[in-house]
Every structure is written in C-alpha cells, then in structure tokens.
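Topology and contacts: notes
In case you want the letters, here they are:
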Amino acid sequence: MASSRNPEIRKDRILNRSVIFSPARARRPSDFKSKSPANPNPNSSECPFCIGHEHECAPEIFRLPKDTSDWKVRVIENLYPALKRDSKIIENEEENPKNDSNVVVTGFGFHDVVIESPIHSIHLSDLSPSGIGDVLIAYKQRIQQLHLHQSIQYVQVFKNHGASAGASMSHSHSQIMGLPIVPPTVSSRIISMKEYFHETGKCGLCQVRSEELLIDESTHFFSVVPFAPSFAFEIWIIPHDHSMHFHALDNEKAVDLGHLLKLMLLKLSRQLNDPPFNFMIHTSPKDMEASQFPYMHWFLQIVPQLSGVGGFEIGTGCYINPVFPEDAAMVLREVNVVQ
C-alpha cells in the first residue's frame, strides 16, 4: 500500500522541478480514477473538422495523403491563433524598436491545428499504429516547414484531450505553435540536462530507464513513469537511441512510436476511467550547437488530468503528487490491453 510510505521530496533532473510525494493524500494507486472522464460529444453534425466540412475551417496548410479528398490527416491554421503569422508585425517592430526596460518580443508566430482523423467519433487511441504514425509524420513535416522561418526559435507540439484539459473541440485534434522565443521552461530543461551531463558524463534521459519505473517498450522507444513526476500517472515515452530533435523521426520509427503511444493511452483510459489528458513533445530548439548533442534528448510527456493545480504549486513551482512513481508504473504495467 502506498500509504505505508513516508513522504519524499524528489528532484526532477530533466525538467528542473522539485516534487513532493505525499501518499497520505491518496487512496490505493489502483483506485485513482478520473472523476470527470473526457467522453467527448459524438455529435458531428456541426463539426467543421469532419470530412465534407473542409470549407468551414481556417485555411489548410497541407493534408496526408496530399492532393486527395480521401484524407487521413489535415494541418490547418488555427481560427483563433495565440500568435499572428503576419510578417508585417516584424517589420513594424524593426522600424519602431522599444527602448523601455521591459522585455517585449513581437507576437509573430504560428498556431496550427492537426486534425487527426476525418471521422468525428475516432479518438487518437482508436487509430492503428500506422494511423498514429501518420499524425506524427504530419507533426514532423510541419516542424520542418516552421524551421524555414528565420524568426521561429522553438516549435511546441501538444494535444489537449477533454474539455477540462483545454480541448475546445471534441473532434480529435492536436496543435502546433511556432514561437519567436525559446520558452523559459525549455531553457531551464536545457540547463538542467547540461548540468546532469557535466556531473555524470551521461545523458539524463538515457539513464531514466529502470525496471521499477518501466511500463513497456518497443523496438525504438520505451515508456516509463519518471523518477519525480509532477503529476499522478505521468508517462514519458523516450527514444532508445540518443536523438536531439523530434523531426529526425523517420516513417518506421513513427509507426513504432504510434504503437507505444496507442498502448499508453489505452492503459490510461482503462485504468483511470478515460481521463482528460495532455501530451507534449519536448524537443530541442531550432538552433543548437553540436556541443549540446551529448545531453539533449527529445521525449513525449503524457499527463492525465486527475486533479487541479493549487496555490502551493503556483506559488512555489513545486508539485505535490499523491502517487509514488514506482506504484504508478506497477499499476500501468498490469493493465492488460488488446490492440
């Protein structure tokens, strides 16, 4: 039983966070179910993401397969973007630079949507490994396109599943943002991974794998509950081979990753009552030095939304997790999923 453990404070050496493990706040890990499952609305009559409604969407960037009405994946502009892709705002900033003491960067950037299936009722975990691979290849291609823009420094791929996880549309989709900055959390991750490498001579993510924390593995990837997860039942999927950039993914590895990602999403759904979740691809910034290769390693993070973030977390940046990662990994290993 997790409640027999004493509380611990662990340091996440990858994301540079401290996490308090407080098992007294939880029931048994196997009983840690979502109180608000995602259960997206299956009604597609008004959905612009469904096949046949393409004209109702923001402009399309590309589709897979290309040049066909029988598409599997579409990448479109976000109708309500957080950043503007109008290059004129860069020109205006150059003509009128700001001289105040506050740091202001132009709001130029890209905010796209990846429609993962033409069918409204299909979730990402319903797709075959090759179908998920198509979605991953769409991410790769869009990242490569965004890297052609000189002002873009970092590209964030993420998925929100369920309204409480931030999804405003029930049709399965994910998002890509091309940013003119390297976000602080990314810079912190780079510094933390560099420090670990200088202390040990090894890549922190290459050393993450342990039998207690391992959930499953495929030919090219393995899935673990990290040593100091900020969230209960958080999962990381990591390439076996040391790789700096997600967009180095080839077709074979995309299908292999699709298989393991599908398995992890199904395990979370079966064990935790189809919880809302987020996943994020943590890759490297566009401009990296060759000297940084030994310690930079991309990974995919899955966070089921089982509880909210409170004032302590917001105020300190230190998270409280009621489930020890060793217990979470054991529970997830034991979930039988037939694909």
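Residues numbered from 1 in each chain as written. Predicted model: local features only at pLDDT ≥ 70, side-chain atom pairs only at ≥ 80, totals over all residues. Heavy atoms only, no water.

To continue, consider the packing of aromatic side chains. Summed over the entire model, instances satisfying the criterion amount to eight aromatic pairs. With 5.4 Å between their ring centres and 80° between their planes, Phe108 and Phe110 make a pair best called edge-to-face. Taking relative accessible area as the criterion, Phe108 reaches 4% and is therefore assigned buried. Measuring from ring centre to ring centre gives 6.0 Å for Phe197 and Tyr295, while their planes differ by 40°; the resulting arrangement is tilted. With a gap of 98 residues between them, Phe197 in helix 3 (residues 184-200) and Tyr295 in the loop between strand 11 (277-282) and strand 12 (299-304) connect regions that are remote in the sequence. With a relative accessible area of 21%, Phe197 lands in the partly exposed category. By relative accessible area, Tyr295 is classed as buried at 4%. Each member of the aromatic cluster is reached from another via a ring pair, and the members are Tyr139, Phe221, Phe246 and Trp298. Between the NZ or CZ atom of Arg74 and the centre of the ring of Trp71, over which it lies, the distance is 5.6 Å. The ring of Phe222 has Arg209 lying over it, and the distance from NZ or CZ to the ring centre is 5.9 Å. (Phe/Tyr/Trp six-rings, centres within 6.5 Å; stacked < 30°, edge-to-face > 60°. Buried < 20%, exposed > 50% of the residue type's maximum accessible area, 1.4 Å probe, protein only. Helix = DSSP H or I, 4+ residues; strand = E, 2+ residues; numbered from the N terminus. Lys NZ or Arg CZ within 6 Å of the ring centre and 35° of its normal.)

Turning next to the packing of helix 2 (residues 129-146) against helix 4 (residues 251-272). Packing of helix 2 against helix 4 leaves a shortest axis separation of 7 Å and a crossing angle of 115°. For the pair helix 2 and helix 4, the crossing hand works out as right-handed. Taken together, the residues of helix 4 that come into contact with helix 2 (itself represented by Pro129, Ser130, Ile132, Gly133, Leu136 and Ile137) are Asn251, Ala254, Val255, Leu257, Gly258, His259, Leu261 and Lys262. (Axes fitted to C-alpha atoms, helices over the stretch in contact; angles between N-to-C directions. Left-handed = near helix turned anticlockwise from the far one by under 90°. Contact = heavy atoms within 4.5 Å.)

Okay, the pairing of strand 5 (residues 110-115) next. A large share of strand 5 lies buried, amounting to six of its six residues. Residues Phe110, Asp112 and Val114 of strand 5 are buried on one face, and the alternating residues His111, Val113 and Ile115, pointing to the opposite face, are buried as well. Of the pairings in the sheet, the one linking strand 4 (residues 73-77) to strand 5 comprises four bridges and is antiparallel in character. Across the sheet, Val75 pairs through a bridge with Val114, a residue of strand 5. As paired strands, strand 5 and strand 7 (residues 173-179) are joined by six bridges and run antiparallel to one another. If you follow Asp112 over to strand 7, its bridge partner there is Ile176. (Pairing = 2+ DSSP bridges.)

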